[in-house]
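If you want the building blocks of each chain, they are given just below.
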Amino acid sequence: MFGKVLFATTATPACDNAAHVAFNIAEKYHSELLIFHVLGLPSRGFSPFVRDARTGEEEYYDQDYIQWVEEELKNTYAEQLARYPNARIMTMAGTPHTEILRLARKEDVDFIVMGAHSRQERTGALGYRQAGSNMQRVARSARCPVLIVNRPCTTCLWYFSNIIFGTDFSRASYSAFLFASKLAREIGSRLYIFHALDLSAMHAGKIFSQEEIEDQIKAAKEKIHRIYLSQMQDYDNVEMEIWEGVPYMEILKYCREKNGDLIVMAHHTREIDPEEALLGSTVEQVVLRASCPVASVNRPDKIQEQRKTR
Amino acid sequence: MTQGKLCNKRPVNTEEELHSLLADKGGKSYYEEMQDLDVDASEIASILEKTLKSRMRTWLEICTHCGLCADSCFFFLANNRDPEQVPSFKIQSTLGKLYRRKGGVDNEFMRMAMDTAWSKCTCCNRCGLYCPFGIDMGVMFSYLRGICFSQGFVPWELKIGSGMHRIYRAQMDITTEDWVDTCRWMVEEHEDEWPGLTIPIDKPDVDIMYTVNAREPKHYPEDLAEAAILFHIAGENWTVPSIGWEETSLAMFAGDWEGARLQVESVYEAMRRLNPGRMVVTECGHAYRATVIEGPYWAGLASGKTPVETFHYVEWVVEALRNGKLKIDPSRKIKEPVTYQDSCNYVRNGGLGDIAREIMGYIAEDFREMSPCREHNFCCGGGGGLNGIGRYRRERNIGLKVKRDQILATGAKLVITPCHNCWDAVRDLEEVYRIGIRWSFLKPILLSMVEIPHHLLPKE
């Protein structure tokens, strides 16, 4: 599951927490690690200029520049590289999400690790209300699971002991379940299957009767049994819970209560224009606020592939 | 005869030459070598004799220096009405002198001619519209670029660009495998959401052969996916060629007419091979000019037309909107004030201004015209290759002021720019002047508001 890990980095402190997790996972699972940095946006029409992603300066996209940046990357991650040298440093000029997805496809990676956004100054959810558009696009389109790390992981000691799988019962959520359950099984972690009944419409004046809420909880419970628990067969290190409220809040509270060190969800919102998705979807809010990494899984490809080859 | 190792009159034809040029940071050695580059006066005289025909000779001779072209030029307006930016002065002091001296000019003159031809004119052809004699300085500057190129006096990036076309038949180093793989990738990425989505490659006898700008597969592959999704929604029978898919022509901007011919011939060959009903060109202005308007002449086609009928993307869009192949959900039309950047190459020089308005009628509730607009619109400021030339960054940024003020006057914060050059220039304009605008091609806008036929939706 972690055979080939792509760590996509802005090479700025915004990705330090992600780097920590990426190297730890690679070390623990003996992964082949690709450290990939998109140098900057190709600029000025067809010209060989690049607007450097870190400095904002205009640079000539040539061998000197590439070598210089790769050297910088080696310095940035010198400590981790000394501990885990089985890593390849790669760079490319382009639009970050496009190049990350292109490389992931070309290298057929099993897992992508990235930070939530490239803004260096803030890492909390208060200052702004949306996660980075590159992260959103990668999470939405990648064929493999994408692990998004925003805040320092306080519970990540063992990668991973308590996996929280949040579901909205969509098709993409089933892929997320396949990943979460397989991971739990392989490393013997406890799996928490969680659904939040969305009561956010209450704020807009829509009142649900208690009876309605209870009916819906009952229906969700049946769904969890039918869709997910029935697939777990003999694996009993699993529990389920349904709470009601604002979904992202509920999953965060649940994660905290269970000492979750990994949240697995599907990121399948169609809206990726940050202007439109101002409030962000559940997964973005979770990503920004969670104190553990969040894996976004939308597609079954990598998980089923491995199942076939076994 | 002094010819530089990098800067010389030989066009770039091999990857080795291309890489040594690319390795020369910012063209530093290239421009140093240019200082000593010899000028072959007899060769220029011979080119002028053979190719400067009666139309341009007449233009050069009958110009009365009345100055009516001055205000038509955005460089003149943006540079504090500098008399040296009057189009007639610019062409008379370069091509005019070259012609009168029968090519007897020196290195310094040729460098001045190069700087004038690429940093003081974008070949937008607006002046030709205002000259009482119809003298088109843009056409003549384009011609002058050819003479400069023949002597090796061409901006570094455009020497590289023309070499790319000669080697890869694309403005960027994209091989056939890269291109085909990008098409497959885009299908893989979107087929879950759009069951049945395909990008058919080399399918013969279809209705539409679609061709693109190399920057799309290189940097913005979503553009290709969006085109495919819109064709899918419209139910079109279409294809892309595996070879001959690139419409643009940096060779044209460079004045490399041989390279320009090689490029368009690859597209015409694809048309002959696949026999489509027609070709649709992506949202690019100069690509349309190169392959549709000028290309047939480069390729020596007696009809002056492409082998099959060719549509600019806006023409396909308006047709699909008119016949209902694309239906806009009225509730999702653009509500905010929005303006449209008329591309010189397909509006002024291609006559598609009405079509642009018709599209805006379908998609926007508060469309604001720039003033002036349509065929009178000013160049975005980055046309003719200027966007990509580092040597003239300062001049380009000054020129952008005219477009900036035009956009500000509309009150719109969103600019529809169905042309790669305009899109880049407007983006750069925002980067330089920070006026708080956004810009977009048509495809993502259409996708955000088009009604999706029920049978195309994924089944949960």
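Conventions adopted
Residues numbered from 1 in each chain as written. Chains lettered and ligands numbered in written order. Predicted model: local features only at pLDDT ≥ 70, side-chain atom pairs only at ≥ 80, totals over all residues. Heavy atoms only, no water. pLDDT = per-residue confidence, 0-100. Contact = heavy atoms within 4.5 Å. Axes fitted to C-alpha atoms, helices over the stretch in contact; angles between N-to-C directions. Helix = DSSP H or I, 4+ residues; strand = E, 2+ residues; numbered from the N terminus. Parallel < 35°, antiparallel > 145°, perpendicular 65-115°, else oblique. Left-handed = near helix turned anticlockwise from the far one by under 90°. Nonpolar A, V, L, I, M, F, W, Y, C, P; charged D, E, K, R; others polar. Buried < 20%, exposed > 50% of the residue type's maximum accessible area, 1.4 Å probe, protein only. Polar contact = N/O pair within 3.5 Å; in protein donor to acceptor, adjacent residues only side chain to side chain. Salt bridge = Lys/Arg side-chain N within 4 Å of Asp/Glu carboxyl O. Pairing = 2+ DSSP bridges. Core = buried A, V, L, I, M, F, W, Y, C linked by side-chain atoms within 4.5 Å. Buried area = accessible area lost by both parts, 1.4 Å probe.

## Considering the confidence of the model for chain A
Per-residue pLDDT for chain A averages 84, and the proportion of residues at 70 or more is 87%. Note on residues 271–280 of chain A: pLDDT is under 50 here. Beyond four places in sequence and across chains, it has 15 contacts.

## Things to note about the packing of helix α7 (residues 107–119) of chain B against helix α9 (residues 137–150) of chain B
All names here are of chain B. Put simply, α7 and α9 touch, their axes get as near as 10 Å, and they point 140 degrees apart. Taken as axis vectors, α7 and α9 run oblique relative to one another. The element α7 and its partner α9 pack so that their crossing is left-handed. Residues M110, A113, M114, T116, A117 and W118 of α7 form the contact with α9, whose participating residues are F141, L144, R145, I147 and C148. Of the residues in the contact of α7 with α9, the class split is nine nonpolar, one polar and one charged.

## Some points on the side chain of S93 of chain B
All names here are of chain B. Within the secondary structure, S93 sits in helix α6 (residues 87–100). Given a relative accessible area of 13%, S93 falls into the buried group. A polar contact is formed between the side chain of S93 and the backbone oxygen of K90, at a distance of 3.2 Å. Apart from the residues within four sequence positions on either side, S93 is in contact with F109 and M112.

## Examining the pattern of salt bridges
Residues and elements named next belong to chain B. Applying the stated rule across the entire model yields 47 salt bridges over all chains. In this structure, the salt-bridge partner of R391 is D115, at a minimum N-O distance of 3.1 Å. Remark: D115 occurs in helix α7 and R391 occurs in the loop between β6 (364–368) and α20 (393–410); sequence separation between them is 276 residues. One salt bridge in this structure joins D428 and R427, with 3.4 Å as the shortest N-O distance. You'll find D428 and R427 in the same group, each marked buried.

## What about the sheet that holds strand β3 (residues 40–42) of chain A?
Residues and elements named next belong to chain A. An order of β3-β4-β5 is seen for the three strands of this open sheet, with the pairing classed as antiparallel. What marks the edges here is a single partner per strand, and that holds for β3 and β5 (58–60). Geometrically, the sheet is characterised by an average inter-axis angle of 35 degrees between neighbouring strands, direction not taken into account. Pairing of strand β4 (residues 49–52) with β5, which is carried by three bridges, proceeds in the antiparallel orientation. Bridging from a neighbouring strand, R51 pairs with E58 of β5. Here helix α2 (residues 63–76) sits on the sheet and contacts β4 and β5; the angle it forms with β4, its principal contact strand, is near 20 degrees.

## Observations concerning the nonpolar core
Across soluble globular proteins, you tend to see nonpolar side chains buried next to one another. Formed by 198 residues in total, the largest nonpolar core has its most connected members in I112 and I263 of chain A together with L95, Y210, W316 and I363 of chain B. It is helix α13 (residues 221–234) of chain B that contributes the most residues to this core, nine residues altogether. Those residues in contact with I363 of chain B that sit more than four places away from it in its chain are I328, K333, I334, L442, I445, L446 and M449 of chain B. If you look at the next biggest cluster of nonpolar residues, it comprises 60 residues, including F2, F179, A180 and L197 of chain A.

## Considering the pairing of strand β8 (residues 146–149) of chain A
All names here are of chain A. The alternating pattern of β8 places V146 and I148 and L147 and V149 on opposite faces, both of which are buried. Judged from the four bridges that link them, strand β7 (residues 111–115) and β8 form a sheet pairing that is parallel. Bridging across to β8, G115 finds its partner in V149. The sheet contact formed by β8 and strand β13 (residues 294–296) spans three bridges and is antiparallel. When the sheet's bridge partners are listed, L147 is paired in β13 with A295.

## A look at the environment of T122 of chain B
All names here are of chain B. Following the sequence through the fold, T122 ends up in the loop between α7 and α8 (127–130). Spatially, the C-alpha atom of T122 lies 8.6 Å from that of F141, the residues being 19 residues apart in sequence. Excluding anything up to four places from it in sequence, T122 contacts F74, F75, R145, C379, G383, G384 and L386.

## With respect to the interface of chain A and chain B
Contacts between chain A and chain B engage 31 residues on the former and 42 residues on the latter. Across the chain A/chain B interface, buried area totals approximately 2,900 Å², and carbon plus sulfur atoms make up 46% of it. Where chain A packs against chain B, one counts five salt bridges. Where D181 of chain B meets R105 of chain A, a salt bridge forms, and the shortest distance between an N and an O atom there is 3.0 Å. In this assembly, chain A and chain B are joined by ten residue pairs in polar contact (both at pLDDT 80 or more). Those elements giving two or more residues to the side of chain A that touches chain B turn out to be β4, β5, α4 (96–106) and α5 (133–141) of chain A.

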